[in-house]
Amino acid sequence: MFLDTKSPNLGYYPTCCLPSFLPLKTNCMQTELRQLKINGTVLEAGDAGYDNARKVWNGMIDRKPALIAQCTSADDIRECVRFAKKNNMIVSVKGGGHNVAGNAVCEAGLMIDLSKMKEIRVDIANKTATAEPGVILREFDAATIANGLATTGGTVSDTGLAGLTLGGGLGWLMGKYGITADNLLSAEMVLANGDKVKVDKDNHPDLYWAIRGGGGNFGIVSKFEYQLYSFGPNVVAGMILYPMDQAKAVMQFYRDYARSVPDELMAYSGFIVSPDGLPVTFVLPAWLGDVKDAEKHLAPIRAFGTPLADMIAEIPYTALQSILDAAAPAGIRRYWKSGYFTELSDELLDIVLKYIATRPSPMSPVLFFHMRGVAARTATEATAFGNRRDQWDSDIISQWLDAADDEKNISWTRSFWKEIEPLTNGVYVNHLGSDDDTRVANAYGANFERLKAIKKKYDPDNFFKMNNNIKPA
Ligand SMILES: Cc1cc2nc3c(=O)[nH]c(=O)nc-3n(C[C@H](O)[C@H](O)[C@H](O)COP(=O)(O)OP(=O)(O)OC[C@H]3O[C@@H](n4cnc5c(N)ncnc54)[C@H](O)[C@@H]3O)c2cc1C
């Protein structure tokens, strides 16, 4: 069974309508709810667009906010914060809606939906860009690369830029340029007290530190500003597929190869099922330097074993940024477990191979994203993002279509996780799942106490709690 820990007991408690166990929609409440006035659209159950707006990437999430406020500006966001506080409502904030735990959607509260805020401005001369919080990665990448510029994003192109940046942002360019949060120059934010502030190294430096990895705990970001780099437009990359009887040998070769190459070469790996139904192991290297230098660095992995297919080619950077899209279609049922591995030991590989062989859904990949280079070398205390080292972020992404299959897929994932969790060393906060509340401290390590103190300063009442929550000190 799926445990939706965010659904029960959170809700809308207008002071005029106590006690809170009364049915949610009394006349009094409805009257108050209609008083939220913003330039964007306000939706209630029954309105056209309401059901679409509350949908997120994980199809298991089926929460019904009392109101959805589709904001168009920082002023709209401020009005939502004021309104929610006055009416004692839980709030959730939706950027791209990709978070697997469904934190973008609250039950019976106010969902502040930023997905319509999509302005992107690229400053070519200064190599910077600003983006509003509804922008998704493919929109941002297209706008920057059209000007020969890029910065680190993620690996699936419909992921929201907002949630990705605030939690860290692990992507192909992190070896060269650091994680996405390392490239956040400034932000415009609406705080829990309703103030709109600019946040950068000179203004609220504590907050600037905290939002680079600390998630949505400290306020609502209405604009992000990023450092860009001259890049592309092409890279040399592609999947190499191997049959499962070569899986262990491939992974043993891969773990050494991935650490032997320059920062310009990132290599991910994992286990998927091919379009014709064959379980396969893959290595996915990408050369992100000058294309003419690609082959000499890619040659060792291309020469290893007897692949079923080698799809490495010169491709546009935007193609690399969407190369895993097909493995992560929006809206189906999901349960996810994730952690970092400092080593891909034989013990770990044996457990992974055992569970891959009994995977109840062929749609469920197990993925290994290598964090290295600048992302790993930057000091842990430089930003809130915890757990920096040369390591693999690994995800068991259980995916299936039918609610009748929930139990078998979730139990398989939990048994798998129980065996590999002792081998993990921390977790990426953006990959925490629906029942991982107790693992938040593990995502921050040495930075956690400082984050709790900053939370206390900017959000002492924990107004922003629909996130991987850092409780005020
Ligand atoms: C298929 C898939 C692939 C992924 N690949 C990667 C990857 O390659 N690299 C990587 O780093 N991560 C990856 N992720 C994780 C991803 O970074 C997180 O899911 C992230 O939260 C998505 O951001 P979002 O805006 O789409 O999420 P939402 O679900 O909209 O929001 C996530 C959290 O951020 C908060 N939030 C959103 N916008 C704001 C805002 N403007 N101000 C304050 N708080 C806000 C929300 O309240 C919520 O708590 C992936 C996730 C999925 C499902």
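Here, residues in each chain are numbered from 1, in the same order as that chain's written sequence. Reporting of local features is limited, given that this is a predicted model, to residues whose pLDDT is at least 70; pairs of side-chain atoms are given and counted only at 80 or more, and all residues count toward the totals for whole chains, interfaces and linings. Only heavy atoms go into the side-chain values, all of them from the structure, while hydrogens and water stay out.

(A) Inspection of the overall build of the chain at higher detail. Helix numbers and strand numbers start at the N terminus; a helix is a DSSP run of H or I with at least 4 residues, a strand a run of E with at least 2. Counting its regular elements, the chain contains 15 helices and 20 strands. Atoms counted for the radius of gyration: C-alpha only. Globule rule: 2.2 Å times the number of residues to the power 0.38. Relative to a compact globule of 473 residues, whose C-alpha radius of gyration would be 23 Å, the chain shows 22 Å and is just as compact. In terms of its C-alpha atoms, the chain occupies a principal-axis envelope of roughly 70 × 55 × 40 Å. Taking all 473 residues of the chain together, the buried fraction comes to 57%. For this analysis, residues touch if any pair of their heavy atoms sits within 4.5 Å. In the chain, the proportion of contacts linking residues at least 24 apart, taken out of those at least 6 apart, comes to 72%. Methods summary: accessible areas were calculated by the Shrake-Rupley approach with a probe of 1.4 Å, and residue burial reflects only the protein chains presented. Put simply, the chain shows about 17800 Å² of open surface, and 53% of that area lies on carbon and sulfur atoms. Residues scored as positive are Lys and Arg, those scored as negative are Asp and Glu, and His as well as the terminal groups of each chain are ignored. Charged side chains are reduced to one point each, which is NZ for Lys, CZ for Arg, CG for Asp and CD for Glu. When the 50 positive and 55 negative side-chain charges of the chain are each reduced to one mean point, those points stand 4 Å apart. Summary of the burial criterion: residues with accessible area below 20% of their type's maximum are buried, those above 50% are exposed, and those between are partly exposed, where the area comes from a 1.4 Å probe applied to protein chains only.

(B) Quick look at the site of the ligand. The full set close to the ligand counts 34 residues, and Gly95, Gly97, Thr155, Leu170 and Tyr428 are the nearest of them. Interatomic distance of 3.0 Å between a backbone N/O atom of Asn99 and an oxygen atom of the ligand. We define a polar contact as two N or O atoms separated by no more than 3.5 Å, with the added condition that, inside protein, one atom must be a possible hydrogen donor and the other a possible acceptor, whereas residues neighbouring each other in sequence contribute only through side-chain atom pairs. Between the ligand and the protein, one listed contact pairs an oxygen atom with a side-chain N or O atom of Asn430 at 3.1 Å. When the free accessible area of the ligand is taken as 950 Å², the share hidden by the protein chains comes to 96%. Element by element, the count of residues in the shell around the ligand is highest for helix H5 (residues 161-167), at four residues. Nonpolar residues are Ala, Val, Leu, Ile, Met, Phe, Trp, Tyr, Cys and Pro. Charged residues are Asp, Glu, Lys and Arg, and all others, Gly as well, are polar. Of the residues belonging to the shell around the ligand, the class tally is 16 nonpolar, 17 polar and one charged. Summary of the distance rule: residues count as near a molecule or strand when at least one heavy atom falls within 4 Å of that molecule or strand.

(C) Structural view of the sheet that holds strand S8 (residues 184-190). For two strands to count as paired, DSSP must find a minimum of two bridges between them. Within the open sheet, the five strands sit side by side as S5-S6-S10-S8-S9. Their pairing is antiparallel. Lying at the two open borders of the sheet, with one neighbouring strand each, are strand S5 (120-123) and strand S9 (196-199). Neighbour to neighbour, the strand axes of the sheet diverge by 10° on average, direction disregarded. By the bridge criterion, four bridges tie S5 to strand S6 (residues 128-131) in an arrangement that is antiparallel. Its bridge partner being in S6, Arg121 is matched across the sheet by Thr130. All axes here are fitted lines through C-alpha atoms, helices being fitted over the stretch that makes contact, and every angle between N-to-C directions spans 0 to 180 degrees.

(D) Broad picture of the nonpolar core. Nonpolar cores were defined as sets of buried Ala, Val, Leu, Ile, Met, Phe, Trp, Tyr and Cys residues, with membership established by side-chain atoms within 4.5 Å. By size, the foremost hydrophobic cluster in this structure holds 39 residues, and its most contacted members are Phe231, Leu288 and Leu320. Contact partners of Leu288, with chain neighbours within four places excluded, come to Trp172, Leu173, Lys176, Phe231, Val235, Glu264, Met266 and Leu320. If you look at the next biggest cluster of nonpolar residues, it comprises 38 residues, including Leu161, Leu184, Val427 and Val440.

(E) Unusual backbone geometry, seen in detail. Here the residue pair Gly232 and Pro233 is connected by a cis peptide bond, since its omega of 10° sits within 30 degrees of zero. Mapped onto the elements, Pro233 comes out in the loop between strand S11 (229-230) and strand S12 (234-237). Phi is positive for Lys127, which is not a glycine, with a value near 55°. Mapped onto the fold, Lys127 is located in the loop between S5 and S6. A positive phi is found at His204, a non-glycine position, where the angle reads about 50°. Relative to the assigned elements, His204 resides in the loop between S9 and helix H7 (205-211).

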